[in-house]
Amino acid sequence: MAKSQVSMIVNGKKVEELVEPRTLLIHFLREQLHLTGPHIGCDTSHCGACTVDLDGKSVKSCTVFTVQANGADIRTIEGMAAADGTLHVLQDAFREMHGLQCGFCTPGMITRAYRLLEENKNPTEDEIRVGISGNLCRCTGYQNIVKAIQYAAAKISGVPFQEAAE
Amino acid sequence: MIPGPFAYHRPTSVKEAVGLLGSLGEDARALAGGHSLIPMMKLRLASPAHLIDLAGVADLKGIREDGRDVVIGAMTTQHELIESDLLAKKIPILRETSLLIADPQVRYVGTIGGNVANGDPGNDMPAVMMCLNAMYHAVGKSGERRIAARDFYQGAYFTALEPGEIVTAIRVPAPAAGHGYAYEKLKRKVGDYATAAAAVLLTMSGGKVAGCSIGLTNVAETPLWAEEAEKILVGSTLDAATVKKAVTAAEAITSPASDGRGPAAYRTKMAGVMLTRALGRAKERAGA
């Protein structure tokens, strides 16, 4: 099958590549651009480990063809930290609050939480849980993931983080 | 998983899209949000030789009022339905239903057109559209026609859509101001299809049911319009005995499969439970 030319912004850099139309975005990111932060978990659009930010939406990159993303602006976990290596507030929050155990779901969790906080600066615990309901953590470490997102939200708003009573 | 090879087309108008579907024939499939089709392609349960991506067709987007109706472009995403102030005001059951579909990521991409046109009995919008008595605008090479949601579903993945036709918009008559509504969905987890679900629209007048509409999801090969149950309820005060009678009538038209969501008899009963709950919640919301 003839390859198609695609052009997009990935983590702030312009990318021009040739892809087969059937190339899924997750395979393109991982194998062609060597961005292995987005993970292939279930490969069936359930687990959210492949989540990336695409034109201001969180999407599961295992269920998008690269050609559909032609012209898009994409951000993966690799694009979260500043150029000098300073961690994004969410990355820092996941570290501070022990928001990861094995770490497999973390890139998807953080990119999803990024969009959630862009849309809702001060989410309730319920809104966070609904907001990340498309991301599975098979260590089941949700408690600290939610806490990390609350911590990041507090930091972004410049208010002290208050841990909810257990 | 890697889908089979295909040629990718990205038309910019409905005319061009329909022209491509017509000329490429059976080997071509229209691609909306892709969250039903792409998983099928990854499993090689579908391997179209041509994909016609509708994302570039601006006319398929947007939500607008047209007289008493609200017209929703087929490529409007579930996320956009949730965010729409117009829908929240005029047809709030669509927001309630959208929030129960899949998960946030899928809702950013999944479209209402794909949801209603795919013919998957597990999809939530078809029964809601039957409940709302919506019309689908379908465009093919011989022009546009309108198909009632209540006449659209013929079997699992089998609809009134002709080869080469696409659904371009969904026309929903806005329910009366002050109506009550509810979509009750039983599911095992986020992202699951319904074990059973019920959509209800209700108008009350002087404590009695003036109008009632009911749709059921995923308890037959097609979504169901529970017309008989509606007739039983109209004129009643939604007293327990009448509700029970209507629920029995609704259960009688179900024919669910036994699957991981439970045996058929259980799913039929759950359709009844969802309907009872939806009626109760719709009544609470309805103006007198």
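Not measured: the values here are computed from a predicted model. Here, residues in each chain are numbered from 1, in the same order as that chain's written sequence. Lettering for chains starts from A, numbering for ligands starts from 1, and both go in the order in which the items are written. Confidence filtering applies because this is a predicted model: local features only for residues at pLDDT of at least 70, side-chain atom pairs given and counted only at 80 or more, and all residues used for totals across whole chains, interfaces and linings.

## Observations regarding the interface of chain B and chain A
Residue pairs are scored as contacts if the distance between their C-beta atoms, which are placed from the backbone, is within 7 Å. Of the residues lining the interface, 22 residues belong to chain B; the matching set on chain A comes to 22 residues. Secondary structure elements are taken from DSSP: a helix is a run of H or I of four residues or more, a strand is a run of E of two residues or more, and numbering for both begins at the N terminus. Mapped by element, the contributors of at least two residues to the side of chain B that touches chain A are strand 1 (7–9), helix 2 (37–42) and helix 6 (104–109) of chain B. Here the side of chain B that touches chain A takes 5 residues from helix 6 of chain B, the largest share from any one element. Polar here means any residue other than Ala, Val, Leu, Ile, Met, Phe, Trp, Tyr, Cys and Pro, which are nonpolar, and Asp, Glu, Lys and Arg, which are charged; Gly is therefore polar. Looking at the side of chain B that touches chain A, its residues break down into 15 nonpolar, 5 polar and 2 charged.

## Describing the domain arrangement of chain A
Residue and element names in this part refer to chain A. Domain start and stop points were drawn from an automatic or database domain assignment. Assigned domains of chain A: these are domain 1 (4–79) and domain 2 (89–157). In this complex, domain 1 contributes 16 residues to the contact, which on the side of domain 2 involves 12 residues. Looking at which element gives the most residues to the side of domain 1 that touches domain 2, the answer is strand 3 (residues 51–54), with 3 residues. A per-class count over the side of domain 1 that touches domain 2 returns 6 nonpolar, 8 polar and 2 charged.

## Section: the sheet that holds strand 1 of chain B
Residue and element names in this part refer to chain B. In this scheme, strands are said to pair when DSSP sees at least two bridges between them. Strand order in the open sheet made by the 3 strands is 1-3-2, with parallel pairing throughout. The outermost strands of the open sheet, each flanked by one partner alone, are strand 1 and strand 2 (28–31). Adjacent strand axes in the sheet meet at a mean angle of 25°, parallel and antiparallel pairs treated alike. Bridge count for strand 1 against strand 3 (residues 50–53) is 3 bridges, and the pairing is parallel. In the strand pairing of strand 3, alanine 7 is matched with histidine 50. Here, axes are lines fitted to C-alpha atoms. For helices the fit covers the stretch in contact, and angles between N-to-C directions go from 0 to 180 degrees. Taken strand by strand, helix 1 (residues 14–24) contacts strand 1, strand 2 and strand 3, and its axis lies near 155° from that of strand 2.

## Some words on the environment of methionine 40 of chain B
Residues and elements named next belong to chain B. Within the secondary structure, methionine 40 is located in helix 2. Here the C-beta atoms are placed from the backbone, and a residue counts as buried if at least 20 other C-beta atoms lie within 10 Å of its own, exposed if 12 or fewer do, and partly exposed otherwise. What makes methionine 40 partly exposed here is the crowd of 17 C-beta atoms within 10 Å. Separated by 37 residues in sequence, methionine 40 and proline 3 have C-alpha atoms that sit 8.5 Å apart. Setting aside residues up to four positions removed in sequence, methionine 40 forms contacts with Leu45 and Ala46.

## Overview of helix 11 (residues 240–252) of chain B
All names here are of chain B. Multiplying 1.5 Å by the residue count of a helix minus one yields the expected span of that helix. For helix 11, built from 13 residues, the straight-helix expectation of 18 Å at 1.5 Å per residue is met to within 8% by its first-to-last C-alpha distance of 18 Å. Listed as buried for helix 11 are Val243, Ala246, Val247, Ala249, Ala250 and Glu251. Among the structural elements, strand 13 (208–217), helix 10 (227–233) and helix 12 (264–285) are those in contact with the buried residues of helix 11.

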